Amino acid sequence: MNVPLHYQTAAGLSRKLAENEVSSEELVRAVIERTRTVDADVGAFLSWNEEDALAQARASDKRREEGKTLGPLDGIPVGIKDILAVKGQPLTCASKMLENFVSPYDATCIEKLKNGGAVLWGRLNMDEFAMGSSTENSSFKTTSNPWDTTRIPGGSSGGSAACVAAGEAVLSLGSDTGGSVRQPAALCGVVGMKPTYGLVSRYGLVAFASSLDQIGPVAHTVEDAALLLRQIAGHDVRDSTSYKTEVPDYPVEMRNRKGPWKLGVPREYFGEGLDPEVERAVQSAIDFYRNEGCEIVDVSLPHTDYAVATYYIIATAEASSNLARYDGVRYTHRSSATKDAIDLYFQSRAEGFGQEVKRRIILGTYVLSSGYYDAYYLRAQKVRTLIRNDFMKAYETVDALITPTSPSPAFKKGEKTADPLAMYLSDIYTIGANLAGLPGISVPCGFSRNKLPIGLQVIGKPFAEADLFAIAARFEEAHGYAKMHPVLPGNASAVDHPV
Amino acid sequence: MEYEAVIGLEVHVQIKTESKMFSRVMAGYGEEPNTLTDPVVLGLPGTLPVMNKKAIDQIIKTGLMLGCRIAPVCKWDRKNYFYPDNPKNYQISQYDQPICIAGQVEIELPGATRNLMGEHKWVELTRIHLEEDVGKLNHFEADSLVDYNRAGTPLMEIVTEPVMHSGAEAFAYLTALRQIMVQGGISDCDMEKGQLRCDANISVRPVGETTLGIKVELKNLNSITGVKNGIDYEIKRQIQALKENEAPLIQETRRWNAEGNFTSPMRTKEMAHDYRYFPDPDLMPIRVDSEWLESLGAELPELPFDKQRRYFEAYNLPYTITSVLVPDRPLCDYFEAAVREYDKPQAIANWITNDLLRELSANGLSLKDCRIAPAHVAQLVKLVDGGVISSNIAKEVFIHMFASGDSPEEIVEKKGLKQSSDTGELSAFCAEVIEGNPRSVADFKQGKENAINFLKGQVMKRTRGKANPNVVDQLLRKELEKL
């Protein structure tokens, strides 16, 4: 079966490029063509620059000709969430506040991609300043789930997940603060992972919640995600929270780990609020692992109930401070009708920020304020320690945890926008890994009756990404989900596989 | 009713480092606006702070010099407030875990006269912490402009306990603090360049009362003298207000007007600040171990007043001399180098504090431009002690030393300035002078001791100053006795 270029894996394309079966320019043209065809319906991109992408592709081909390939990602198009700084490109974070901002510098992960010869492709839509679980909080446009364009793709990295699912890029980068890479990956039927906190440098990632944010890869396969992670991981002096550690060769390491593994199933993740179809798919996956010889252990993470509240206190507190710099003074949107400096702040921020961002800034300011700090922020940090302790205790007996990624498949656009709290609860299974600083990966594990993807999450020990990849890959290679792609309106190719 | 004042000072000292506190960009002053900036300093989206270790070394050294306890672990906090000179609208600072705790500064008050050393006191410190400086606002007719060159410069905040009682004590404290900072290589403390800034907290209370009165924060104190004058004015104002029972004193911030010599309430639109301090999640805590402390402790210079005491005891120098030497560390180093060559500290100190400083000042030069090597000063004193030249000739030699950089021996040789002790030649001159000045001789014989000076002067003239004045004196007296 002839898989179109835009749906092939990075690993496969890397080999073809090396063997001159295809050029980077051809590949990038295919991706550009695909984007032109489907993005009117998917809306994954806020902007893209074809000339720039083709120039990068030609440079890659030239290097290849001269025998100076920079690595396996050389010439492969990678979509970039509009929250990562790329020199000379817009950095809007899907906000009116940064509508006209162009970054004068490269994020570390972008430098690393450039050093690997990857082709940076476009600026991907997201929830404004990474605040949201559906990409509906973007100030500019809505992104649709490629499997059902009446539904959301998840968020905040909705554009990153949708673009890979729709074949508009081979790989993409997103950011994950409470599940923002894993959840949209699950809802869009692709692989998405969040590394251990500190593994990937945050320099150049526009900060939402400093102690929770991480950059993560989105891909068709676990191996591709591993390839991309290897390229961007590593200690960076410019990020004081980045960890001094050797970066393993993930694609090789994951193949060396054969298991069987001891997998924990946290009972608190299988209770009320979990869609029965999701539960069925995840249980089926658990059965698969059991049949592969893995010991399945029932574990408890007793403080799970407090995770969402803890997250929304800590994340909003940090965000209220991180977003204070957007004030109309230096480089942001500046209101024109102001009387004095205070007014400049009030008006510029009133005009520049969307509703959800304002809501979280107010909440975050409140929990840090005098008289409330102890009861909210300080207490939440203490509970956070308890939540991490729950995980570390579980890891005394198991290698990793298996859970659903999202409590439900993709919901309809507008379904949860009236109730912020309902929206917050979409993060219920992903948030714990951010609070505890642990790595987590989502891999497709089934479909709902109405053909919506369902994701399986594996959460691992600190810096055990190689194990995570190995465990997820075991499931992936025994199932065909990686090869399944949505049918999209306007799509000429008959090759897309409907479910 | 008698009132006393209670004063505490908050001093910000810019630490001298190559680069800024949290960014690699160069720190500096006087450059084109907004050139000492980078994405981190400007708070561009996605940027992160990285600690400048040299700045931490410097504050630890400061803490060690001032007898503070250095916290084994301390952290960074965000101080959140909006202001155009604050690029991130939060300032990275230290809130409840400062790196230095307690400590004290020895101060010297003015003596009864300029020549007498005044009382020494200790001013206790509460804490010293590290933070980043903010930019500078420039106000114009229609708008205000911001220059971020200063933003991100490492800043120490030194807080005293409320233990001072007058403008004079505040003046002495700032003088002492500045000396320690400059001599320790921590900061140049140039107030005009904003390297040292001071706010004062002032309250008054009836003498004997232990609780503190209503506190006024005084700002815009732009020189050390301004601090003294502003505090003194404010004390008077508060006492007068209490005595005359006018509008009661309120806790407020006031501004010192140096030209007009008064304080006025500051028009602030800000309400009481809630800075919403929380630990900065972008930075790791600092752990200071004993190894680090020891290596920095080894680099500490002698404190100025310790040096002063040593100069009193070891060299027997009077206060009039030490008060000139001690504040100037390079001058002290120069002095001690000379003394190492020839152990006559008083004589050497006199040459330095009188003649050397005079010549430097007259020529608009500083010590580092001085052509006279310390060893040469020592040599000069040795020549006088050895009777090779008279002290008057020595003054002449010194001028030549300053101009040429030659050693005194070379100059004496070249210019033939050796003192004559040749009694034969001198006796002849003495006889001449006695014969030619009968009236002075008569005066002397009648008991006017001073008359001999005229005769001595005449002999010195004939020898063009090169005669050994003691020998001339002896010879004259011998001759006069015969008469």
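Residues numbered from 1 in each chain as written. Chains lettered and ligands numbered in written order. Predicted model: local features only at pLDDT ≥ 70, side-chain atom pairs only at ≥ 80, totals over all residues. Heavy atoms only, no water.

### Observations concerning the packing of aromatic side chains
For the structure shown, the criterion picks out 34 aromatic pairs over all chains. Aromatic side chains Tyr372(A) and Tyr376(A) sit 6.4 Å apart centroid to centroid with 40° between the ring planes, which places their arrangement in the tilted category. Exposure remark for Tyr372(A): the relative accessible area of 36% places this residue in the partly exposed category. Assessed through its relative accessible area of 33%, Tyr376(A) is described here as partly exposed. Plain terms: the ring middles of Phe475(A) and Tyr481(A) are 6.5 Å apart, the flat faces sit at 10° to each other, and that makes the pair stacked. Per residue, the accessibility class of Phe475(A) equals that of Tyr481(A), and both read buried. Clustering of aromatic rings is evident, with ring pairs tying together Trp147(A), Phe288(A), Tyr289(A), Phe447(A), Phe475(A) and Tyr481(A). Lying over the aromatic face of Tyr275(B), Lys79(B) brings its terminal NZ or CZ to 4.5 Å of the ring centre. The ring of Tyr90(B) has Lys88(B) lying over it, and the distance from NZ or CZ to the ring centre is 5.2 Å. (Phe/Tyr/Trp six-rings, centres within 6.5 Å; stacked < 30°, edge-to-face > 60°. Buried < 20%, exposed > 50% of the residue type's maximum accessible area, 1.4 Å probe, protein only. Lys NZ or Arg CZ within 6 Å of the ring centre and 35° of its normal.)

### A word on the sheet that holds strand 4 (residues 77–80) of chain B
Read from one edge to the other, the open sheet built from three strands follows the order 5-4-16 (chain B), with strand pairing classed as antiparallel. The open sheet has two edge strands, strand 5 (90–93) and strand 16 (278–279) of chain B, and neither has a second partner. Of the strand pairs in this sheet, strand 4 of chain B and strand 5 of chain B are connected by four bridges, and their pairing is antiparallel. Bridging across to strand 5 of chain B, Asp77(B) finds its partner in Ser93(B). Against the sheet, helix 10 (residues 307–322) of chain A engages strand 4, strand 5 and strand 16 of chain B, with an angle of about 60° to strand 4 of chain B. (Pairing = 2+ DSSP bridges. Helix = DSSP H or I, 4+ residues; strand = E, 2+ residues; numbered from the N terminus. Contact = heavy atoms within 4.5 Å. Axes fitted to C-alpha atoms, helices over the stretch in contact; angles between N-to-C directions.)

### A short note on helix 3 (residues 167–183) of chain B
Residue and element names in this part refer to chain B. Here helix 3 contains 17 residues, and its C-alpha end-to-end distance of 24 Å stays within 8% of the 24 Å for a straight helix at 1.5 Å per residue. Extensive coverage of helix 3 is indicated by the burial of twelve of its 17 residues. When we look at burial in helix 3, the residues that qualify are Gly167, Glu169, Ala170, Ala172, Tyr173, Leu174, Ala176, Leu177, Gln179, Ile180, Met181 and Gln183. Residue Gly185 follows helix 3 closely and has a positive phi angle near 70°. (Expected span 1.5 Å × (residues − 1).)

### Quick word on the sheet that holds strand 9 (residues 400–404) of chain A
Residue and element names in this part refer to chain A. Taken in spatial order, the eleven strands make up an open sheet running 1-3-2-4-6-5-10-11-9-7-8, and their pairing is mixed. Looking at the sheet topology across the chains shown, the edges are occupied by strand 1 (45–47) and strand 8 (295–299). The mean angle between the axes of side-by-side strands here comes to 35°, regardless of whether they run parallel or antiparallel. In terms of strand pairing, strand 2 (residues 77–81) meets strand 4 (residues 171–176) through three bridges, oriented parallel. Note on strand 4: the bridge partner recorded for Val78 is Leu171. Sheet contacts for helix 2 (residues 24–42): strand 1, strand 2 and strand 3 (119–124); angle to strand 3, the most-contacted strand, approximately 15°. Contacting strand 5 (191–194), strand 7 (262–266), strand 9, strand 10 (440–447) and strand 11 (453–460), helix 16 (residues 465–478) crosses the sheet at an angle of about 10° to strand 10.

### Observations regarding the side chain of Ser144(A)
All names here are of chain A. Secondary-structure assignment places Ser144 in the loop between strand 3 and helix 5 (158–165). Taking relative accessible area as the criterion, Ser144 reaches 5% and is therefore assigned buried. Reaching out from Ser144, the side chain makes a polar contact with the backbone oxygen of Asp41 at a distance of 3.3 Å. If near-sequence neighbours (up to four positions away) are discounted, Ser144 is found in contact with Asp41, Val42, Thr149, Arg151, Pro153, Ala162 and Lys413. (Polar contact = N/O pair within 3.5 Å; in protein donor to acceptor, adjacent residues only side chain to side chain.)

### Some details on the interface of chain B and chain A
Each side of the interface is counted separately: chain B has 33 residues, and chain A has 38 residues. At the boundary of chain B with chain A, total buried surface from both sides reaches about 2800 Å², with 58% on carbon and sulfur atoms. When the buried surface of chain B facing chain A is broken down by residue, Pro45(B), Leu48(B) and Phe82(B) rank first, second and third, together holding 22% of it. There are one salt bridge connecting chain B and chain A. Here Asp282(B) and Arg202(A) are joined by a salt bridge, their closest N and O atoms 2.8 Å apart. Inspection of the region where chain B meets chain A yields 19 residue pairs in polar contact (both at pLDDT 80 or more). Within the residue set of the side of chain B that touches chain A, elements represented by two or more residues are helix 1 (39–42), strand 4 and strand 16 of chain B. When residues of the side of chain B that touches chain A are assigned to their parent elements, the largest contribution, three residues, is made by helix 1 of chain B. Classifying every residue of the side of chain B that touches chain A by side-chain character gives 20 nonpolar, six polar and seven charged. (Buried area = accessible area lost by both parts, 1.4 Å probe. Salt bridge = Lys/Arg side-chain N within 4 Å of Asp/Glu carboxyl O. Nonpolar A, V, L, I, M, F, W, Y, C, P; charged D, E, K, R; others polar.)

### Examining the nonpolar core
Counting 129 residues, the largest nonpolar core has Leu113(A), Phe129(A), Phe391(A) and Phe469(A) as its most contacted members. The element contributing the most residues to this core is helix 10 of chain A, with nine residues. One finds Leu9(B), Tyr90(B), Ile180(B) and Leu218(B) within the second-largest nonpolar core, a separate group that totals 64 residues. (Core = buried A, V, L, I, M, F, W, Y, C linked by side-chain atoms within 4.5 Å.)

### Re unusual backbone geometry
Note the cis peptide between Gly155(A) and Ser156(A), where omega equals 10°. Turning to its location among the elements, Ser156(A) is positioned in the loop between strand 3 and helix 5. In the segment running from Gly259(A) into Pro260(A), the intervening peptide bond is cis, with an omega of -5°. Considering the arrangement of structural elements, one finds Pro260(A) in the loop between helix 8 (250–256) and strand 7. We note that Lys451(A) has phi near 60°; this positive angle belongs to a residue other than glycine. Note on placement: Lys451(A) falls in the loop between strand 10 and strand 11. At Cys189(B), a position not held by glycine, the phi torsion is positive, near 50°. As for its placement among the helices and strands, Cys189(B) is situated in the loop between helix 3 and strand 12 (196–206). A residue is classified by how much of its surface remains accessible, and Cys189(B), at 1% relative accessible area, is buried.

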